[in-house]
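# Descriptive analysis of the structure
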Amino acid sequence: DTEVTQTPKHLVMGMTNKKSLKCEQHMGHRAMYWYKQKAKKPPELMFVYSYEKLSINESVPSRFSPECPNSSLLNLHLHALQPEDSALYLCASSQAQGQNNQPQHFGDGTRLSIL
Amino acid sequence: EDQVTQSPEALRLQEGESSSLNCSYTVSGLRGLFWYRQDPGKGPEFLFTLYSAGEEKEKERLKATLTKKESFLHITAPKPEDSATYLCAVAHSSASKIIFGSGTRLSIRP
């Protein structure tokens, strides 16, 4: 079982809906990440939070809005998404972003489908 | 340009047929190389971290090795349950994010 928990596992939404993806870890990690993964492709980094502050935004469209309420939780708020945003959204955590030689641990993702 | 390349793209083996997956990298200042296993519809599962040339790590039928230019994931006497996509990723000194290779899809036939 993964130590990074993501909910929901599956999400279908229309282009006008607003929804949120949630991620939780209890490993004491201080860096948390959002990735997007398309079929047969590696994960693509979207956002990095380090000590609850946004440290990296990989030029992600504003229809994706991340939030880190505390050191264990990470949210991704979705609004007005496009069909091309359909993908597996992965959350990961690691000990600290500055120590990028530490492995990231991934959740099982949310499979998002945009109608 | 920093780059991570995995080969082959796909590999089909018979059960018990040992083989190796390759991950070659060109980065400045390697800080760590990671191997992950990913099953369909799941997140990547961490397998190994390698930090310096000559280092080796083992777990069950898997053994990871590292040189200054590449890493190998050796699979000895694989079983059908070893079928998955294997990803390598590299952390380096000039960036705070890791670079993923495109993965090797491994299929083991009974």
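See the structure printed just above.
The structure displayed is predicted, hence computed values, not measured ones.

## Side note on the overall build of chain B
Looking only at helices and strands, chain B features zero helices and eleven strands. Against the 2.2 N^0.38 benchmark of 13 Å for 110 residues, chain B shows a C-alpha radius of gyration of 13 Å, consistent with a compact globule. Its C-alpha atoms give chain B principal-axis dimensions of roughly 45 × 30 × 20 Å. Split into buried and exposed, the 110 residues of chain B put 42% on the buried side. Partitioning the intrachain contacts of chain B with sequence separation of at least 6 by distance along the chain shows that 55% fall at a separation of at least 24.

## A closer look at the interface of chain A and chain B
If you look at the interface, chain A gives 22 residues, while chain B gives 22 residues. For the pair chain A and chain B, the summed buried area comes to about 1,800 Å², and 53% of that belongs to carbon and sulfur atoms. Applying the counting rule to chain A against chain B returns two salt bridges. For the salt bridge of Lys97(B) with Glu58(A), the shortest nitrogen-to-oxygen distance reads 2.6 Å. Classifying every residue of the side of chain A that touches chain B gives nine nonpolar, nine polar and four charged.

## Remarks on the nonpolar core
Counting 23 residues, the largest nonpolar core has Leu33(B), Trp35(B), Leu73(B) and Tyr86(B) as the members making the most contacts within it. For this core, the secondary structure elements donating two or more residues are strand E2 (10-14), strand E3 (19-26), strand E4 (30-38), strand E5 (45-50), strand E7 (62-66), strand E8 (70-75), strand E9 (84-92) and strand E11 (104-109) of chain B. If near-sequence neighbours (up to four positions away) are discounted, Tyr86(B) is found in contact with Gln6(B), Leu21(B), Trp35(B), Tyr36(B), Arg37(B), Leu47(B), Leu62(B), Leu73(B), Gly103(B), Thr104(B) and Leu106(B). In this structure, Met13(A), Cys68(A), Leu76(A) and Tyr89(A) belong to the second largest nonpolar core, which totals 22 residues.

## Section: the packing of aromatic side chains
Tallied over the full model, the rule gives eight aromatic pairs over all chains. Between Tyr35(A) and Phe100(B), the ring centres sit 6.0 Å apart and the planes meet at 90°, which makes this aromatic pair edge-to-face. Taken together, the positions of Tyr35(A) in strand E4 (residues 31-37) and Phe100(B) in strand E10 (residues 99-100) put the pair across two chains. By relative accessible area, Tyr35(A) is classed as buried at 2%. Judged by relative accessible area, Phe100(B) falls into the buried class, the value being 11%. Ring centres of Phe106(A) and Tyr36(B) lie 5.5 Å apart, and the angle between their planes is 85°; this geometry places the pair in the edge-to-face category. Of this pair, Phe106(A) sits in strand E10 (residues 105-106) while Tyr36(B) is found in strand E4, placing the two residues in two different chains. A single burial state applies to Phe106(A) and to Tyr36(B), both of which are buried. An aromatic cluster is present here, built from Tyr33(A), Tyr35(A), Phe106(A), Tyr36(B), Phe46(B) and Phe100(B) joined pairwise through their rings.

## Remarks on the environment of Phe64(A)
Residues and elements named next belong to chain A. Inspection of the secondary structure puts Phe64 in strand E7 (residues 64-70). Once the C-alpha coordinates of Phe64 and Asp85 are considered, the two residues, 21 residues apart in sequence, prove to be 9.9 Å apart. Setting aside anything within four residues of it in sequence, one finds Phe64 in contact with Met46, Phe47, Leu76, His77, Leu78, Leu81, Asp85 and Tyr89.

## Let's talk about the layout of surface pockets
One number sums up the size of the largest pocket: a volume of about 450 Å³. Around the largest pocket sit 22 residues that line it, and Ala39(A), Lys40(A), Lys41(A), Gln38(B) and Thr85(B) are the ones nearest its centre. Counting residues per element, the ones that place at least two in the lining of the largest pocket are E9 and E11 of chain B.

Calculation rules
- Residues numbered from 1 in each chain as written.
- Chains lettered and ligands numbered in written order.
- Predicted model: local features only at pLDDT ≥ 70, side-chain atom pairs only at ≥ 80, totals over all residues.
- Heavy atoms only, no water.
- Helix = DSSP H or I, 4+ residues; strand = E, 2+ residues; numbered from the N terminus.
- Rg over C-alpha atoms; globule rule 2.2 N^0.38 Å.
- Buried < 20%, exposed > 50% of the residue type's maximum accessible area, 1.4 Å probe, protein only.
- Contact = heavy atoms within 4.5 Å.
- Buried area = accessible area lost by both parts, 1.4 Å probe.
- Salt bridge = Lys/Arg side-chain N within 4 Å of Asp/Glu carboxyl O.
- Nonpolar A, V, L, I, M, F, W, Y, C, P; charged D, E, K, R; others polar.
- Core = buried A, V, L, I, M, F, W, Y, C linked by side-chain atoms within 4.5 Å.
- Phe/Tyr/Trp six-rings, centres within 6.5 Å; stacked < 30°, edge-to-face > 60°.
- 1 Å grid on protein atoms, 1.4 Å probe; cavity = no way out; pocket = protein on both sides within 12 Å on 5 of 7 lines; lining within 4 Å.
- Points joined across faces, edges and corners; volume = space filled by probe spheres on them.

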